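Listed below are the residues making up each chain.
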Amino acid sequence: MKFNENYLKLKESYLFSDIARRVNAFAAAHPDKKVLRMGIGDVTLPLAPAVVEAMQKAVAEMGDKATFRGYGPEQGYDFLREAVRADYARRGVTLAADEIFVSDGAKSDVGNILDLFDVSNAVLIPDPVYPVYVDTNVMAGRRVLFADATRENGFLPMPDEKVEADIIYLCSPNNPTGAAYSVEQLRRWVEYANARGAVILYDAAYERFVAEQGLARSIFEVEGAKTCAIEFCSLSKTAGFTGTRCGYTVVPHALKRGGISCNKLWLRRQTTKFNGVAYIVQRGAEAVFTPAGQAQIEANLAVYRRNAQRLSACLDDLGIFYTGGKNSPYIWMQCPGGMDSWKFFDYLLEEANVVGTPGSGFGKNGEGFFRLTAFASEEATEEAAGRIRKLLGR
Ligand SMILES: *Cc1c(COP(=O)(O)O)cnc(C)c1O
């Protein structure tokens, strides 16, 4: 017996444990200081009442012989696929219900989709980005190329004709930089992928945060994307489902290579290795797309948007370069005074008792940058912005 030794090639991730260790040491040495955590990558507001009500009703159905349900369709119940299809239609994107696959979240699908692709494919991944893309490809033993996201390109790398990529990851709005592609910019990626016969894996986990005109919420807003893109969506950040678990992935029928349908392969993969999302959770997810559910999740998103605005306004006043904030719960700021990411982490913790995330933890181009998040309470965010203003404004 031999293990998959690709796992030994994974870099240990010490980022969040290092942060916790430094914060705990600081708190132990200064029990009188109130530490504000602006580094959280998880939502903090509860599920919408419409979602809770729908799930309670579903629980009751499951407890009644007349309405009990056992195994469901692996790719999701029709009621939810139809609700997602109608949501896309309202935004001008026409999909068939069987192009939508309900999942237990974007992270699982982003990793699992790799089952469909040969190990010889070259993968292009932006740097810095959500670490799951790199790690899942390293586990499979696939070659990874990086697309540099830097201050110069506004943290939005564009296709380079000289780079021969087969699988391309795009995350927009991006975690950690908050930068979001316009429809026009995505058009260039779609042209590049179609010309090469490559596939784009488009992570739209933060699509609901897009506020500005001209920016894309879906890659399918670009004509031609259906022949080259798969889109991953999640209710985690948009509707507070991080602990409830539901997302959906769009695999268009038009995505084919060598006459093979990607949609058919994914259906085969999911029906073989996945048992679907709990009926109760899918009923909760369906409620997100009702008028009441939409209004309720928008009220929560408005809180996060106001928090992002508070942090952005503070950096604007200080004249510090940053991306994100407007179309994302993340603010990606340049560390002041040429500090590196960890130096600034310690400085902010010790002098302002505010915790963020060092950018270097998301890739080499993250060095010298720092991520703040809008997921804390309004009170804590207001106070943190005030402390940052005071510390860096002097
Ligand atoms: C949080 C996050 C996800 C995870 O979504 P789940 O649906 O909770 O698995 C996916 N992609 C990015 C970029 C994220 O930040």
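Please read these numbers as outputs of a predicted model, since none were measured by experiment. (Residues numbered from 1 in each chain as written. Predicted model: local features only at pLDDT ≥ 70, side-chain atom pairs only at ≥ 80, totals over all residues. Heavy atoms only, no water.)

S.K.: I would appreciate a short explanation of the site of the ligand in the present structure.
M.R.: Of all residues adjacent to the ligand, which total 13 residues, the nearest are Asp203, Tyr206, Ser234, Ser236 and Lys237. Side-chain polar atom of aspartate 203 to a nitrogen atom of the ligand: 2.7 Å apart, as the coordinates give it. Contact between the ligand and serine 236: an oxygen atom at 2.6 Å from a side-chain N or O atom of the residue. A total of 390 Å² of accessible area belongs to the ligand in isolation, and the protein chains cover 93% of it. Secondary-structure elements contributing two or more residues to the shell around the ligand are helix H4 (106–112) and helix H7 (236–239). A per-class count over the shell around the ligand returns five nonpolar, four polar and four charged. (Near = heavy atom within 4 Å. Polar contact = N/O pair within 3.5 Å; in protein donor to acceptor, adjacent residues only side chain to side chain. Areas by Shrake-Rupley, 256 points an atom, 1.4 Å probe, with all protein chains shown as cover. Helix = DSSP H or I, 4+ residues; strand = E, 2+ residues; numbered from the N terminus. Nonpolar A, V, L, I, M, F, W, Y, C, P; charged D, E, K, R; others polar.)

S.K.: Honestly, the packing of helix H2 (residues 49–62) against helix H9 (residues 279–288) in this entry has me stumped. Any pointers?
M.R.: Between two packed helices, both the angle of their axes relative to each other and the distance between the axes serve to describe the pair. For the pair H2 and H9, interaxial distance at closest approach is 8 Å and the crossing angle is 150°. The orientation of H2 relative to H9 falls into the category roughly antiparallel. Read as a crossing pair, H2 and H9 show a hand that is right-handed. Between H2 and H9, the contacting residues are Ala50, Val51, Ala54, Met55, Ala58, Val59, Glu61 and Met62 on the first element and Tyr279, Ile280, Val281, Arg283, Gly284, Ala287 and Val288 on the second. Grouping the amino acids of the contact of H2 with H9 by side-chain chemistry returns twelve nonpolar, one polar and two charged. (Axes fitted to C-alpha atoms, helices over the stretch in contact; angles between N-to-C directions. Parallel < 35°, antiparallel > 145°, perpendicular 65-115°, else oblique. Left-handed = near helix turned anticlockwise from the far one by under 90°. Contact = heavy atoms within 4.5 Å.)

S.K.: Any chance you could explain the nonpolar core here in plain terms?
M.R.: Taken as a class, soluble globular proteins show a tendency for nonpolar side chains to be buried jointly. Within the largest apolar cluster, 97 residues are counted, with the highest numbers of intra-cluster contacts made by Ile168, Ile200, Ile219, Leu235, Phe241, Cys246 and Met333. Shared between two domains, this core holds at least three residues of each, these being domain 1 (5–47 + 293–392) and domain 2 (66–288). Aside from chain neighbours lying at most four places away, what touches isoleucine 168 is Leu124, Trp189, Tyr192, Ala193, Ala198, Val199, Ile200 and Leu201. Membership of the second largest hydrophobic core comes to 23 residues, among which are Ile113, Phe117, Val132 and Leu201. (Core = buried A, V, L, I, M, F, W, Y, C linked by side-chain atoms within 4.5 Å. Buried < 20%, exposed > 50% of the residue type's maximum accessible area, 1.4 Å probe, protein only. Domains from an automatic or database assignment.)

S.K.: Sorry, what's going on with the pattern of salt bridges here?
M.R.: Once their charged atoms are close, side chains differing in charge can pair, the charge on each being opposite to the other. Applying the stated criterion across every chain yields a total of 23 salt bridges. Salt-bridge contacts for lysine 273 lead to aspartate 115; the nearest nitrogen and oxygen are separated by 2.9 Å. Taken together, the residues span a long stretch of sequence, with lysine 273 in helix H8 (residues 262–273) and aspartate 115 in the loop between H4 and strand E3 (123–127) at a distance of 158 residues. Given a relative accessible area of 56%, lysine 273 falls into the exposed group. Under the relative-accessibility criterion, aspartate 115 is labelled partly exposed at 41%. In this structure, the salt-bridge partner of glutamate 207 is arginine 217, at a minimum N-O distance of 2.8 Å. With a gap of ten residues between them, glutamate 207 in the loop between strand E6 (199–203) and strand E7 (229–234) and arginine 217 in the loop between E6 and E7 connect regions that are remote in the sequence. By sharing partners, the salt bridges in this structure join Asp87, Arg90, Arg91, Glu207, Arg208, Arg217, Glu298 and Arg305 into a single network. (Salt bridge = Lys/Arg side-chain N within 4 Å of Asp/Glu carboxyl O.)

S.K.: Help me out: how do you make sense of helix H11 (residues 341–352) in this one?
M.R.: Two residues of an α-helix separated by three or four positions point the same way, owing to the 3.6 residues in each turn. Between its first and last C-alpha, H11 extends 16 Å over twelve residues, near the 16 Å set by a 1.5 Å rise per residue. At its buried positions, H11 is contacted by helix H1 (15–29), strand E12 (330–334), strand E13 (354–355), strand E14 (357–358), strand E15 (369–373) and helix H12 (378–392). Sitting at the head of H11, aspartate 340 places a side-chain oxygen 3.2 Å from the backbone nitrogen of tryptophan 342. (Expected span 1.5 Å × (residues − 1).)

S.K.: Explanation requested: the sheet that holds E14 in the structure shown.
M.R.: Hydrogen bonds between backbone atoms are what pair the strands of a sheet, whose relative direction is either parallel or antiparallel. In space, the four strands of this open sheet follow the order E11-E12-E15-E14, with antiparallel pairing throughout. On the outer flanks of this sheet lie strand E11 (322–324) and E14, each paired with one strand and no other. (Pairing = 2+ DSSP bridges.)

S.K.: Sorry if this is basic, but what is going on with the packing of aromatic side chains here?
M.R.: A ring pair, where both rings are aromatic, is described by two values, the distance of the centres and the angle of the planes. Under the criterion given, the structure shown has 18 aromatic pairs. Ring centres of phenylalanine 79 and tyrosine 279 lie 6.0 Å apart, and the angle between their planes is 85°; on these two criteria the pair is classed as edge-to-face. Of this pair, phenylalanine 79 sits in helix H3 (residues 78–90) while tyrosine 279 is found in helix H9, placing the two residues 200 residues apart along the sequence. Per residue, the accessibility class of phenylalanine 79 equals that of tyrosine 279, and both read buried. Measuring from ring centre to ring centre gives 5.6 Å for tyrosine 130 and tyrosine 133, while their planes differ by 70°; the resulting arrangement is edge-to-face. Taking the ring centre of phenylalanine 101 as reference, the NZ or CZ of arginine 81 above it sits at 5.7 Å. Arginine 151 extends its terminal NZ or CZ atom over the ring of phenylalanine 321, reaching a point 4.0 Å from the ring centre. (Phe/Tyr/Trp six-rings, centres within 6.5 Å; stacked < 30°, edge-to-face > 60°. Lys NZ or Arg CZ within 6 Å of the ring centre and 35° of its normal.)

S.K.: So what exactly am I meant to see when it comes to the pairing of E15 here?
M.R.: The side chains of a regular strand alternate between the sheet's two faces. Counting buried positions over the five residues of E15 gives five, a clear majority of the element. Every second residue of E15 is oriented toward a common face, with Phe369, Arg371 and Thr373 on one face and Phe370 and Leu372 on the other, all of them buried. Pairing between E12 and E15: five bridges, direction antiparallel. If you follow methionine 333 over to E15, its bridge partner there is phenylalanine 370. Pairing of E14 with E15, which is carried by two bridges, proceeds in the antiparallel orientation. The residue bridging threonine 357 from the neighbouring strand is arginine 371, located in E15.

S.K.: I'm lost on the environment of serine 172 in this one. Help?
M.R.: Its place among the elements puts serine 172 in the loop between strand E5 (167–171) and helix H6 (183–196). A polar contact is formed between the side chain of serine 172 and the backbone nitrogen of tyrosine 181, at a distance of 2.8 Å.

The quantities given are spatial measurements derived from coordinates; they are silent on function.
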